[in-house]
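Working through the structure, step by step
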Amino acid sequence: MNPNKELWEKGDFTQIAAFMRQSGEAVVKSIGITTPLRVLDLGCGDGTTAVPLALLGADVVGIDIAENLVDAGNKRAAAAGLKRLKFQVGDACNLEGVDDRSFDLTLSIFGAMFAPRPFDVAKEMVRVTKPGGRIVMGNWIPNDPTSFVSQLLKISSSFTPPPPEGFVSPMTWGVDANIVERFGKAGVPKERISTVKDTYYFVSPDKSPTQFIDLFERFYGPTMNAVAAAKNSGKVEELHNQLLELAKAQNKATDGSTSIPATFLRVTVLP
Ligand SMILES: C[S@@+](CC[C@H](N)C(=O)[O-])C[C@H]1O[C@@H](n2cnc3c(N)ncnc32)[C@H](O)[C@@H]1O
């Protein structure tokens, strides 16, 4: 079994995605969609950005490595009557079966960053995007105290055994020099790559930060692995307290609900 696929099929990311819909829509609006537009949403999950893209009239293919999320996405598309939105299983490292130069926009919000071979991912995103088109990525930023998920993953990995040799941290996609190097190897000059910091919000009007962290512990692969390892080492309470402290410290809601801003790096590449 591919460990990357296993990690994301392990839990149920739809439980976390439910907190991400508002910002997913905002990111899509900010891109400025004009139709006709053929879009690839890579590492699409259950469609946090793919659904709003299709609602704006784009033809959207969502590709994700996790079969359970692809199924959940197709159910959402059917429920919304979105006939020009299709989800399919695929790997960002090797988009076999996807034609060269076939998309006007390749979007990947916290998706492709989690694929294991970043140079292959950059090459594939450039290959499938039309010249004159756009690649937009959203990536969490390492060591940024305001980048909520990068902090959550830092805590989670401090309770997990070290990764296998050769493992490249997804967080390296949050560093400009790596982005320029990866897309550079794929043939894109650095003048055609730009990055800007932006803010994503995890929002729920009826769930507290405690419930939010509970969902990460039960349904988010990387945190589930940390919980399993912490159980073995007798540190499960320590892990829980650190995660909860993070969520509470970053929560801006004052009525017991959740509204956590999270800084991310927005990358635009013009192949
Ligand atoms: C943090 S989730 C983000 C999902 C979605 N973009 C969203 O904003 O809700 C990361 C997603 O990347 C997917 N993923 C991880 N590795 C992948 C790969 N190699 N190829 C395609 N998708 C991948 C996961 O299955 C998961 O759906």
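Read on for an overview of the structure. Position numbers for residues count from 1 along each chain, tracking the sequence in the order it is written. At least 70 in pLDDT is required for a residue's local features to be given in this predicted model, at least 80 for side-chain atom pairs to be given and counted, and no such filter applies to totals for whole chains, interfaces and linings, which use all residues.

1. Remarks on the sheet that holds strand β4 (residues 103–109)
Read across the sheet, 7 strands follow the order β3-β2-β1-β4-β5-β7-β6 without closing on themselves; strand pairing throughout is mixed. At either end of the open sheet lies a strand with only one pairing partner, and these are β3 (85–89) and β6 (193–204). Averaged over all pairs of adjacent strands, the angle between strand axes in this sheet comes to 20 degrees, irrespective of strand direction. As defined by bridge partners, strand β5 (residues 129–140) adjoins strand β7 (residues 258–269) across 6 bridges and the pair is classed as antiparallel. Pairing of Ile-135 across the sheet is with Val-269, part of β7. What counts as a contact here is a pair of residues whose C-beta atoms, placed from the backbone, lie within 7 Å. Every axis corresponds to a line fitted to the C-alpha atoms, with the helix fit spanning only the stretch in contact, and the corresponding angles, defined between N-to-C directions, vary from 0 to 180 degrees. Working definition: helices are DSSP H or I runs of at least four residues, strands are E runs of at least two. Numbering for both runs from the N terminus. Contacting β1 (38–42), β4 and β5, helix α6 (residues 118–128) runs over the sheet at an angle of about 145 degrees to β5. On the sheet, helix α8 (residues 176–185) packs against β6 and β7 and is oriented at approximately 120 degrees with respect to β6. The rule for pairing is simple: two strands pair if DSSP sees at least two bridges between them.

2. Section: the site of the ligand
Residues in contact with the ligand amount to 23 residues; listed here are only the nearest, Trp-8, Gly-43, Gly-45, Thr-48 and Ala-115. A per-class count over the shell around the ligand returns 14 nonpolar, 7 polar and 2 charged. Here, nearness is defined through the C-beta atom: a residue counts as near a molecule or strand if that backbone-placed atom lies within 6 Å of it. Charged means Asp, Glu, Lys or Arg here, nonpolar means Ala, Val, Leu, Ile, Met, Phe, Trp, Tyr, Cys or Pro, and polar covers whatever is left, Gly included.

3. A few points about helix α3 (residues 21–31)
In an α-helix, one turn spans 3.6 residues; hence positions three or four apart end up facing the same way. Within α3, the full set of buried residues consists of Ser-23, Gly-24, Val-27, Val-28 and Ile-31. One face of α3 carries all of its buried residues, which in axial projection span an arc of 140 degrees. Exposed positions of α3 whose direction lies more than 90 degrees from the buried face are Lys-29 and Ser-30. Trailing α3 by a residue or two, Gly-32 shows a phi angle of about 75 degrees, which is positive. Neighbour density around each residue's C-beta defines its exposure: 20 or more other C-beta atoms within 10 Å make it buried, 12 or fewer make it exposed, and counts between make it partly exposed, where C-beta atoms are placed from the backbone. The arc in question is traced by the directions running from the helix axis to the C-beta atoms.

4. Overview of the packing of helix α9 (residues 209–219) against helix α11 (residues 236–250)
At a closest axis distance of 9 Å, the pairing of α9 and α11 adopts a crossing angle of 130 degrees. Relative to α11, the element α9 is oriented oblique. Regarding α9 and α11, the two cross each other, and that crossing is right-handed. Contacts between α9 and α11 involve Pro-209, Thr-210, Phe-212, Ile-213, Phe-216 and Glu-217 on the former and, on the latter, His-240, Leu-243, Leu-244, Ala-247 and Lys-248. Geometric relationships in this document are graded by angle, where less than 35 degrees denotes roughly parallel, more than 145 denotes roughly antiparallel, 65 to 115 denotes roughly perpendicular, and other angles denote oblique. What makes a crossing left-handed is the near helix being turned counterclockwise from the far one by less than a right angle; a clockwise turn instead makes it right-handed.

5. Section: the environment of Tyr-200
With respect to the helices, strands and loops of the structure, Tyr-200 is situated in strand β6. Measuring from C-alpha to C-alpha, the distance between Tyr-200 and Met-20 comes to 8.0 Å, with 180 residues separating the pair along the chain. Ignoring any residue separated from it by four or fewer positions in sequence, one finds Tyr-200 in contact with Ser-23, Ala-262 and Phe-264.

6. Focus: the nonpolar core
Generally speaking, a soluble globular protein has its nonpolar side chains buried in company with each other. One finds Val-39, Val-60, Ala-112 and Met-125 to be the most contacted residues of the largest nonpolar core, which totals 76 residues. Counting residues per element, this core draws most heavily on β7, at 6 residues. Once residues within four sequence positions are removed from consideration, Ala-112 is found in contact with Leu-42, Gly-43, Ala-92, Val-121, Met-125 and Met-137. In this description, a nonpolar core means buried residues of the types Ala, Val, Leu, Ile, Met, Phe, Trp, Tyr and Cys, linked to one another by C-beta atoms lying within 7 Å.

7. Some thoughts on the pairing of β4
When you tally the buried positions in β4, you get 7 out of 7 residues, the bulk of the element. Direction of pairing for β1 relative to β4: parallel, over a ladder of 3 bridges. For Val-39, the partnering residue across the bridge sits in β4 and is Leu-105. Bridge analysis of β4 against β5 gives 6 bridges, and the strand direction is parallel. Bridge pairing in β5 places Leu-107 opposite Val-136. Consider the strands pointing away from the viewer: the crossover is right-handed when the path from the first strand over the helix to the second runs clockwise. In this fold, the crossover linking β4 to β5 by way of α6 has right-handed handedness.

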